[in-house]
Amino acid sequence: MTAPADVPPPELPDPLATQVRVWLADDPDAGDRAELTRLCAEAVRDPVVLAELDDRFRAPLRFGTAGLRGPLRAGPGGMNTAVVRRAAAGLAAWLHAAAKATAAGGAPATAPLVVVGYDARHRSEAFALDTARVAAGAGLRAVVLPGPLPTPVLAFAVRHLRADAGVMVTASHNPATDNGYKVYLGGAQLGGAQLGGADPDPGRGAQLVAPADADIERRIAVAGPAAAIPLAETWRRLDRRIVDDYVHAAVAAVLELAPAVDLNDPAPAPVTVAYTPLHGVGAETLAAAFAAAGLAAPAVVDEQAAPDPDFPTVHWPNPEEAGAMDRVLALGARIGADLVLATDPDADRCAVAVGGRLLTGDEIGLLLADQVLRRRPGPVATTLVSSSGLRTLAQHTGVACRETLTGFKWIMRADPRLVFGYEEALGYALAPDLVRDKDGITAALAVTLIATAAKRRGRTLLDLLDELAARIGVHETGQRSARFADVTRIAAAMRRLRAQPPARLAGRAVTGRRDLLDDGALPASDVFVLFLDDDRVTFRPSGTEPKLKVYLEVVEPVAAGAATAVAAARERARSRLAGLTVAVDDLIGRLG
C-alpha cells in the first residue's frame, strides 16, 4: 500500500512539482512527508527554500568513499526512511542475485545473512531496524547488533558470523545533521574461504567497491515505491556476546603485536591516559578492551563521555578539526597524562596527542606499522595521499608496500596477506583478518601499549618518532582544504588545475605530475599530484564532504642516519613545509 499523497502547491515549477508529488505519494514516513509539504508551501514565497527543495531532488545519494552519506532530510538527496528502505531493497536484490549465481545446481541452500549495526546519531536505530525489516521482507536472514556500537564491531561481526553482507548506519565524524549507510560485503557470494592462512578474497568483510556499488545502485533505482517495499519482523537482535567476542579477539590480536610489557610491574608507573569519545559510542567498548588487556581505565572527559547525537560541546565531531580535542587536551594537562586519545563518534578513527602536541595520522600510522612489522613482517598498504614513509619503512623491512586510492575499502583489498594498513585521516587496521576496516579501538589500545613500553625505557612516543626518522628520514605532512557551498565548483577547480598546472610552487620548480584520471596503475580517480623532487602536493575532492582537499609531504634525509641529526633535519623539513603551505593556500584561492 502506498502512503497518502500530500499534493504540493501547483505553483511549484516543473519538473520539480512532479518529482515532489511522486515522492510524497511513495514516502512511507509521515514526518518526512510533513517536512516536504511544509517546504513546498514555503518555496512558493521564498526563493531560498525553493533552491533547497530543488537541491534535494537534483540527484539521489550515491555510494562515495564511505557509502551513502548526507543530511537528515526528506527527499532523494537526503538520509530518510524512504532512501534507507530503497537502499536495503537494492542490497537485498543484489544479494539474492549473487547467491543464485554462485549456488551449485540452482537455488542456494540457505538465504543470505545480513548483519546490521548502528551508532547513536539521530534516527540511526530507526534506519537500522528498517534495514532489517526490509531484508527480512525480502527473504534474507537479518540480525541486528544489541545496541549503538562502534563501526569496528559491525565490521568484525560480518566476518565472525560469516555474513553475506553488513550494514552500518553512521555518518562517522560528520556534523550532527548528517547520517549515513555503509555496506560491507561478506564474500560468501564469491565463494570465499580460508585457505592456508590467507583469505583468497581480501574484500571479504570490507566495504563494497566497484562494480558491486554501481550494480546495487541500479537495483535501488528500480526498487519501486518505498511505501510498497515488503517488511517483515523475522529479524532478530543479537545479544552482548558479539561485543564480548570482538573485545576478546581484538585484545588478543593487539597483545600479540605489542611490545613485551609486564603490566603487573609497579615500577615505573603505568602510563596515564586521558580520553574522549567525542559524544560517540566508543567509551564502553574501549574501556572493556583496556580492562581485558590489563590496562588501567583512562580518565574520560565527563561532558563528552555519553553518546549524544547533538554533539553539544564540539562544532564538528572530528578529532582532525581545530578545537575538537580542546577538552581532552585540557584534561590531559590537569592530570599530567602521558597520552591523550580521542575516537570519533563511531570509533573507527583514533587521534593521539603527547605533551600537548597532536600527532598526525601519518605519524601514528608509522609508529603502529613499525611495531606490527617487528612482530609480523608482511605486506602493508596505505593510500596515495598518505606519507611515503610507509613505503620507505617497508623497504627497510624487506616487505611489500601497496599504494591504493583513498578509503579503507581499497586498503583492505590491497593484498590477501595484508598485515597492516593505514590512511592519514586517523584510520588504522592492525588486525585485517579480524576487522576488514579501520578500527579506533585496537589503535588506541596498541598506542597505549607502545607508550607503556616506551615509558619503561624513559622514552615517549615523540622519542620513538625521532628514532624512526633516524632510520627512514623525516617525513613531514600537512593538509589544507577549501569548503564549497556549490560542489560543482570543486570539479571546475580540478579542471583548471589540470589545464594550467603551476610550473613553480614556493619558489621551487615542479619536477613532475601525476593524473589519476588516466594513470593506469590505479583505478581512474579525480586526483592530481605535483612533485617537487621528493616533495609532493596532492589534490583530491573529498568523497564525504563538499571540500577540495590538498595533501602535502616534505621528505628530508637524516645525515648518516644519526639520531643527533634528526632535530636539524626536522627543522629544515618544517620550514620547507611552511613555505609550501603558503603557496598552496594561494593556489587554492586562485583555483576557487
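None of the values given here were measured: they were computed from a predicted structure.

**Observations concerning the nonpolar core**
Part 1 of the argument: Counting 87 residues, the largest nonpolar core has L341, V352, L368 and L461 as the members making the most contacts within it.
Part 2 of the argument: Looking at which element gives the most residues to this core, the answer is helix α14 (residues 440–456), with ten residues.
Part 3 of the argument: Residues in contact with L368, not counting those within four places in the same chain, are F420, Y428, L430, A443, A446, V447 and I450.
Part 4 of the argument: Listed in part, the 37 residues of the second largest apolar core include A87, A89, A92 and I220.

**Structural notes on helix α4 (residues 81–102)**
Part 1 of the argument: Along its 22 residues, α4 runs 32 Å from first to last C-alpha, staying within 8% of the 32 Å computed at 1.5 Å per residue.
Part 2 of the argument: Taken across its 22 residues, α4 has 16 buried, putting it largely inside the fold.
Part 3 of the argument: The backbone nitrogen of A82 has a side-chain oxygen 3.2 Å away, supplied by the residue at the start of α4, namely N80.

**Focus: the sheet that holds strand β17 (residues 474–483)**
Part 1 of the argument: If you trace the five strands from one edge of the open sheet to the other, you get β17-β23-β22-β21-β20, paired in antiparallel fashion. Looking at strand neighbours, the two that pair on one side only are β17 and β20 (512–515), the edges of this open sheet. Neighbour-to-neighbour, the strand axes of this sheet turn through a mean angle of 15 degrees, independent of strand direction.
Part 2 of the argument: Summarising the sheet, strand β21 (residues 528–532) and strand β22 (residues 535–541) pair through five bridges and their orientation is antiparallel. Note that in β22 the partner of F528 across the bridge is F539.

**A closer look at unusual backbone geometry**
Part 1 of the argument: Going from D14 to P15, the amide bond is cis rather than trans, its omega being 5 degrees.
Part 2 of the argument: If you trace the backbone, P15 turns up in the segment before α1 (16–26).
Part 3 of the argument: Cis geometry is adopted by the peptide bond preceding P211, which originates at A210 and carries an omega value of 5 degrees.
Part 4 of the argument: Structurally, P211 can be placed in the loop between β6 (206–207) and α7 (212–221).
Part 5 of the argument: The backbone of F311 shows a phi angle near 45 degrees, a positive value even though the residue is not glycine.

**Regarding the sheet that holds strand β10 (residues 339–343)**
Part 1 of the argument: The strand order across the open sheet built from five strands is β9-β8-β10-β11-β12, with neighbouring strands paired in mixed fashion. Only two strands of the sheet have a single neighbouring strand rather than two, namely β9 (299–300) and β12 (357–358).
Part 2 of the argument: Of the pairings in the sheet, the one linking strand β11 (residues 350–354) to β12 comprises two bridges and is antiparallel in character. Residue V354 lies in a different strand from β12, and its bridge partner there is R357.
Part 3 of the argument: The strands touched by α14 within the sheet are β8 (273–276), β10 and β11, with β10 carrying the most contacts at an inclination of about 175 degrees.

Conventions adopted
- Residues numbered from 1 in each chain as written.
- Predicted model: local features only at pLDDT ≥ 70, side-chain atom pairs only at ≥ 80, totals over all residues.
- Heavy atoms only, no water.
- Core = buried A, V, L, I, M, F, W, Y, C linked by side-chain atoms within 4.5 Å.
- Buried < 20%, exposed > 50% of the residue type's maximum accessible area, 1.4 Å probe, protein only.
- Helix = DSSP H or I, 4+ residues; strand = E, 2+ residues; numbered from the N terminus.
- Contact = heavy atoms within 4.5 Å.
- Expected span 1.5 Å × (residues − 1).
- Polar contact = N/O pair within 3.5 Å; in protein donor to acceptor, adjacent residues only side chain to side chain.
- Pairing = 2+ DSSP bridges.
- Axes fitted to C-alpha atoms, helices over the stretch in contact; angles between N-to-C directions.

Limitation: the analysis is restricted to geometry and does not speak to function.
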